[in-house]
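Residue-level listing of the chains:
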Amino acid sequence: MRFVRHFLRERLALVGALILLVVVVCAVASVHLAPFDPDDQDILARLLPPGSPGGDGTHWLGTDALGRDVLSRIIVGARISLLVGVLAMAISAVVGIGLGLIAGYEDRYLGRMLMVLGDMQLAVPFLVLALAVVAVLGASLANLVLVLGLTNWVQYVRVVRAECLVLREREFVQAARALGASVPRILLRHLLPNVASSAVVISSLLIARMILFESSLSYLGLGVPPEIPTWGGMIADGRDYISTAWWVVAMPGLALFTTVVGVNLIGDRLRDLLDPGLTQLDG
Amino acid sequence: MFGRVFSRLLHAAAVLLGVSVAVFFLVRLGGDPTGLFLPPDAAPADLAAFRHAMGFDQPWPVQLGQFLWAGLHGDFGQSLRYGQPAMRLVLERLPATVELSAVALVLSVLVSVPVAIVAAQNRGRAFDRAGLLATLAGQSFPAFWLAIMLILVFSEWLGVLPPSGRQGWRSLVLPAISLAAYSTAIITRLLRSNMIEVLQSNHVRTAHAKGLPHGSVIWRHVLRNAAIPTVTVIGLQVGGLLGGAVITEQIFAWPGMGQLAIQAISNRDFAVVQAFVLTMAVVIVAVNLLVDLTYALLDPRLRRM
């Protein structure tokens with residue numbers, strides 16, 4: 001609790017937390033919050049500008065080319081962004097932290113192999129890799145989460161491994177080993193808690209990037225199936241109507257941008273508090 | 001120095017071999033890859049003939065050997081749609097992609113370096129805070145949305161810049177800006193924090209105490225030290241820029257490799273996708289090799305190794 005209060009003392013972090021709170025509430029309670037049915041088409045009410053009166057309410061952010069309420073679709077779209085961002089981050093974290101701990105503690109072939117693997121991943125930009133995988137396996141929510149999750153663990157490995165290489169030599173780890181603690185016990189009880197704060201920082205910044213990646217893939221039609229409302233998909237739908245109805249593209253993008261700003265603000269604050277040395281994470 | 005170059009070359013070769021093997025298995029992830037290379041309505045006899053011609057009925061170690069051997073000779077199969085060698089199609093598009101990415105990279109460096117230098121020396125003041133907010137925004141923009149918004153404002157509303165195509169520098173402005181936004185933010189943040197760190201170090205205090213002019217302390221002692229980790233990140237950005245170019249090209253109808261790859265995916269023209277991924281890997285590995293060797297110029301300690 002004290003950490004939370006300390007965390008929120010900075011104004012920007014507070015802004016980030018509020019943004020995220022709104023997005024989470026939208027995602028969780030989307031069905032009750034959305035003023036209209038997000039899939040409800042009305043050809044007579046297509047491309048209405050923001051603030052137009054609708055059947056039983058106001059289209060605060062206008063309607064799209066099929067007459068669907070933009071605000072409602074943005075609220076429902078928060079689900080996919082958050083779900084994919086958090087799930088993909090979780091997969092990356094489990095894989096990356098696990099491999100990083102082992103590679104850092106045992107440091108033999110695995111460590112070197114992982115570094116080559118990491119360089120291989122750097123050689124194929126994420127978006128390119130995702131395109132290729134989706135081209136082979138087809139687009140679905142599960143494939144999307146797997147692709148994102150399994151291609152972004154390298155950052156964890158780099159940081160966790162580097163920290164473990166140092167921790168390994170510390171007295172408390174040596175003592176644990178001398179007392180006969182098993183390797184899994186040393187990794188999980190002694191090393192993991194000490195790399196946790198770096199991992200938290202990486203995770204928060206990674207979620208922001210995952211959300212951006214998801215929306216890029218959905219924009220290209222390679223993410224979630226098109227019948228599920230996503231922010232990226234909405235932007236793609238509105239692309240052709242940009243000269244007559246800018247709001248159809250602008251509004252979901254603004255939601256996306258604001259969400260990522262919120263997550264990044266929290267990530268920056270966490271980095272300042274937990275691990276000021278982690279500047280190399282960017283990029 | 002020679003040993004270092006040699007070991008980096010070896011490493012680069014290993015990475016490229018790894019990527020090729022990965023592409024080989026990726027294509028076979030879903031089982032028999034014949035369906036990826038032929039239209040969905042192909043006749044069973046055609047499928048069988050193609051499977052045999054491509055060697056897909058051989059054991060996979062044989063296939064892997066054939067794949068790598070053909071790749072070494074620049075043969076990545078025929079494009080189904082264009083009936084030309086896939087690699088030639090990709091290479092024809094390479095200059096446009098390199099042009100876009102290179103301009104975006106130069107733009108990022110031209111903006112981020114001065115901003116970072118001024119911000120680091122004015123830490124906590126108005127310029128620094130504004131800069132930090134701008135980098136936060138740059139980091140958070142969905143690139144494809146920023147691109148569409150730029151088209152909306154500069155092409156639709158103001159009508160000053162073309163929304164698509166590749167004719168002259170004017171058509172390069174919007175794609176380059178939308179592609180550069182993210183890397184500009186990342187480079188600025190990193191160089192700023194590196195400079196702040198170096199500014200607080202002992203040798204800088206000594207240099208100031210000796211009475212060296214401020215400008216020369218910044219140039220010779222701070223910037224040079226802060227540049228080393230920054231160059232790494234600039235090198236890493238090249239991958240991000242080339243990857244980001246895929247989506248930017250799509251939006252601005254920029255005739256590069258990324259646009260070709262996206263078309264290839266919707267046409268199920270997998271030979272092209274394969275050639276595209278490998279070309280991308282070669283370019284990025286080459287750039288990172290170059291970055292590695294640049295260190296030696298920046299850091300005299302490495303020249304002796």
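Figured I'd write up the structure that's included with this text. Note that the coordinates shown come from a computational prediction; the quantities given were computed from them, not determined experimentally. Residue positions are counted from 1 within each chain, in the order its sequence is given. To label them, take the chains in the order written and letter them from A, then take the ligands in the order written and number them from 1. Restriction of local features to residues with pLDDT of at least 70 applies here, the model being predicted, together with a cutoff of 80 or more for giving and counting side-chain atom pairs; totals for whole chains, interfaces and linings are based on all residues. Where side-chain values are given, they derive from all heavy atoms of the structure, hydrogens and water being excluded.

Moving on, we come to the overall build of chain B. A run of H or I in DSSP becomes a helix once it reaches four residues, and a run of E becomes a strand once it reaches two; helices and strands are each numbered from the N terminus. Scanning chain B from terminus to terminus reveals 12 helices and 0 strands. Taken along its principal axes, the extent of the C-alpha atoms in chain B is 85 × 55 × 30 Å. Exposed residues in this analysis have more than 50% of their type's maximum accessible area, buried residues have under 20%, and partly exposed residues fall in between, with area computed by a 1.4 Å probe over protein chains only. Counting the 305 residues in chain B, one finds 48% classified as buried. Partitioning the contacts of chain B with sequence separation of at least 6, the portion at a separation of at least 24 is 73%. Contacts are assigned to residue pairs with any non-hydrogen atoms lying within 4.5 Å of each other.

Attention now goes to the nonpolar core. The tendency in soluble globular proteins is for nonpolar side chains to be buried as a group. To define a nonpolar core, start from buried Ala, Val, Leu, Ile, Met, Phe, Trp, Tyr and Cys residues and group those joined through side-chain atoms within 4.5 Å. Counting 147 residues, the largest nonpolar core has L191 of chain A together with V19 and F276 of chain B as the members making the most contacts within it. Ranked by residues supplied to this core, first place goes to helix α10 (residues 183-219) of chain A with 15 residues. The split of the chain into domains comes from an automatic or database domain assignment. Looking at which domains feed residues into this core, each of domain 1 (2-72) and domain 2 (86-304) of chain B gives three or more. Setting aside chain neighbours within four positions, we find F276 of chain B in contact with V128 of chain A together with V90, V246, M257, G258 and A261 of chain B. Of all hydrophobic cores here, the second largest spans 14 residues; its members include L191, V198, V204 and A207 of chain B.

With that settled, consider the packing of helix α5 (residues 86-121) of chain B against helix α10 (residues 214-252) of chain B. Residues and elements named next belong to chain B. Two elements in contact, α5 and α10, have axes separated by 8 Å at closest approach and are oriented at 145°. Regarding α5 and α10, the two cross each other, and that crossing is right-handed. When α5 is examined against α10, the residues T97, L100, S101, A104, L105, V109, I117 and Q121 are found in contact with a partner set consisting of H214, I218, L223, I234, V238, L241, L242, A245, T248 and E249. Throughout this entry, Asp, Glu, Lys and Arg are counted as charged residues, while Ala, Val, Leu, Ile, Met, Phe, Trp, Tyr, Cys and Pro are counted as nonpolar. The remaining residues, Gly among them, count as polar. Residue composition of the contact of α5 with α10, by class: 12 nonpolar, 5 polar and 1 charged. Fitting a line to C-alpha atoms yields each axis, with helices limited to the stretch in contact; the angle taken between N-to-C directions then spans 0 to 180 degrees. By definition, any crossing whose near helix is turned counterclockwise from its far helix by less than a right angle is left-handed, and any crossing with a clockwise turn is right-handed.

Here the focus is the pattern of salt bridges. Any Lys or Arg side-chain nitrogen found within 4 Å of a carboxyl oxygen on Asp or Glu counts as a salt bridge. One pass over the full model with this rule turns up 9 salt bridges over all chains. Among the ionic pairs, R189 of chain B bridges to D268 of chain A, the shortest N-O distance being 2.9 Å. Here R189 of chain B, found in helix α8 (residues 170-199), pairs with D268 of chain A, found in helix α12 (residues 247-274), and the two come from separate chains. Each member of the pair, R189 of chain B together with D268 of chain A, is buried. Notably, a salt bridge pairs R192 of chain B with D128 of chain B, separated by 2.7 Å at the nearest N-O pair. Linking R192 of chain B in helix α8 with D128 of chain B in helix α6 (residues 126-140), this pair joins segments that are 64 residues apart in sequence. Given the relative accessible area of 14%, R192 of chain B is considered buried. On the basis of relative accessible area, D128 of chain B is assigned to the buried category, the value being 2%. Through salt bridges with shared partners, a single ionic network connects D39, D64, R68, R73 and D237 of chain A.

Moving on, we get to the packing of aromatic side chains. Two aromatic rings from Phe, Tyr or Trp, using only the six-membered ring of Trp, form a pair when their centres are within 6.5 Å; if the ring planes differ by under 30 degrees the pair is stacked, by over 60 it is edge-to-face, and anything between is tilted. One pass over the full model with this rule turns up 10 aromatic pairs over all chains. Pairing F257 of chain A with F141 of chain B gives two aromatic rings, centres 4.5 Å apart and planes at 15°, and the pair type is stacked. Highlighted residues: F257 of chain A in helix α12 and F141 of chain B in the loop between α6 and α7 (143-157), drawn from two different chains. Take F141 of chain B: its relative accessible area is 24%, and that puts it in the partly exposed class. When the ring of F25 of chain B is compared with that of W60 of chain B, the centres are 5.3 Å apart and the planes differ by 70°; the resulting orientation is edge-to-face. Of the two residues, F25 of chain B sits in helix α1 (residues 2-27) while W60 of chain B sits in helix α4 (residues 60-72), which places them 35 residues apart along the sequence. In textbook terms, an aromatic cluster arises when at least three aromatic residues are bridged by ring pairs, as seen for F24, F25, W60 and F67 of chain B.

To continue, consider the packing of helix α6 (residues 126-137) of chain A against helix α7 (residues 141-150) of chain A. Residues and elements named next belong to chain A. Orientation of α6 relative to α7, taken along the N-to-C sense of each, is 145°, at an axis distance of 10 Å. When you trace α6 past α7, the crossing you get is right-handed. Contacts from F126, A130, V133 and L137 of α6 reach α7 at N143, V147 and L148. Of the residues contributing to the contact of α6 with α7, the split by class is 6 nonpolar, 1 polar and no charged.

The next subject is the interface of chain B and chain A. Contacts between chain B and chain A engage 51 residues on the former and 45 residues on the latter. By buried area we mean the combined loss of accessible area, with a 1.4 Å probe, across both parts when two parts are placed together. A combined buried area of about 4,100 Å² lies between chain B and chain A, and 78% of that area is made up of carbon and sulfur atoms. The term polar contact refers here to a pair of N or O atoms within 3.5 Å; inside protein, the definition further demands a hydrogen-donor-capable atom paired with an acceptor-capable atom, and it admits residues adjacent in sequence only when both atoms are side-chain atoms. On the surface where chain B and chain A come into contact, there are 5 residue pairs in polar contact (both at pLDDT 80 or more). Looking at the side of chain B that touches chain A, the elements with two or more residues in it are α1, α6, α7, α8, α10, α11 (257-266) and α12 (270-298) of chain B. With 10 residues, the single largest contributor to the side of chain B that touches chain A is α10 of chain B.

Attention shifts here to the environment of T97 of chain B. All names here are of chain B. Looking at the element boundaries, T97 is found in helix α5. Residue class for T97 comes out buried when judged on its relative accessible area of 2%. The spacing of T97 and V118 is 21 residues in sequence and 32 Å in space, taken between C-alpha atoms. Residue contacts for T97: discarding those within four places in its chain leaves L242, A245, E249, W254, G256, M257 and G258. In terms of polar contacts, T97 uses its side chain to reach the backbone amide nitrogen of M257, at 2.7 Å.

This part is about a negative patch on the surface. Together, D37, D40, D42 and D56 of chain A give the surface a local cluster of negative charge. For D56 of chain A, the location among the structural elements is in the loop between β1 (52-54) and β2 (57-59). Each patch groups residues whose relative accessible area exceeds 30% and which form no salt bridge, using 9 Å between like charges and 5 Å between nonpolar side chains of Val, Leu, Ile, Met, Phe, Trp and Tyr. Throughout, the Shrake-Rupley method with a 1.4 Å probe supplies accessible areas, and for residues the shown protein chains are the sole cover considered. Counting rule for charge: Lys and Arg are taken as positive, Asp and Glu as negative, and neither His nor the chain ends is counted. Here the site of a charge means NZ on Lys, CZ on Arg, CG on Asp, or CD on Glu.

All names here are of chain A. Together, L14, L18, L21, V25 and L33 make up an exposed nonpolar region whose accessible area comes to about 430 Å². No other element matches helix α2 (residues 11-28), which puts 4 residues into the nonpolar patch. Summarising the element assignment, L21 is placed in helix α2. Taking the relative accessible area as the measure of exposure, L21 reaches 52% and is therefore exposed.

Just distances and angles here, no functional claims.
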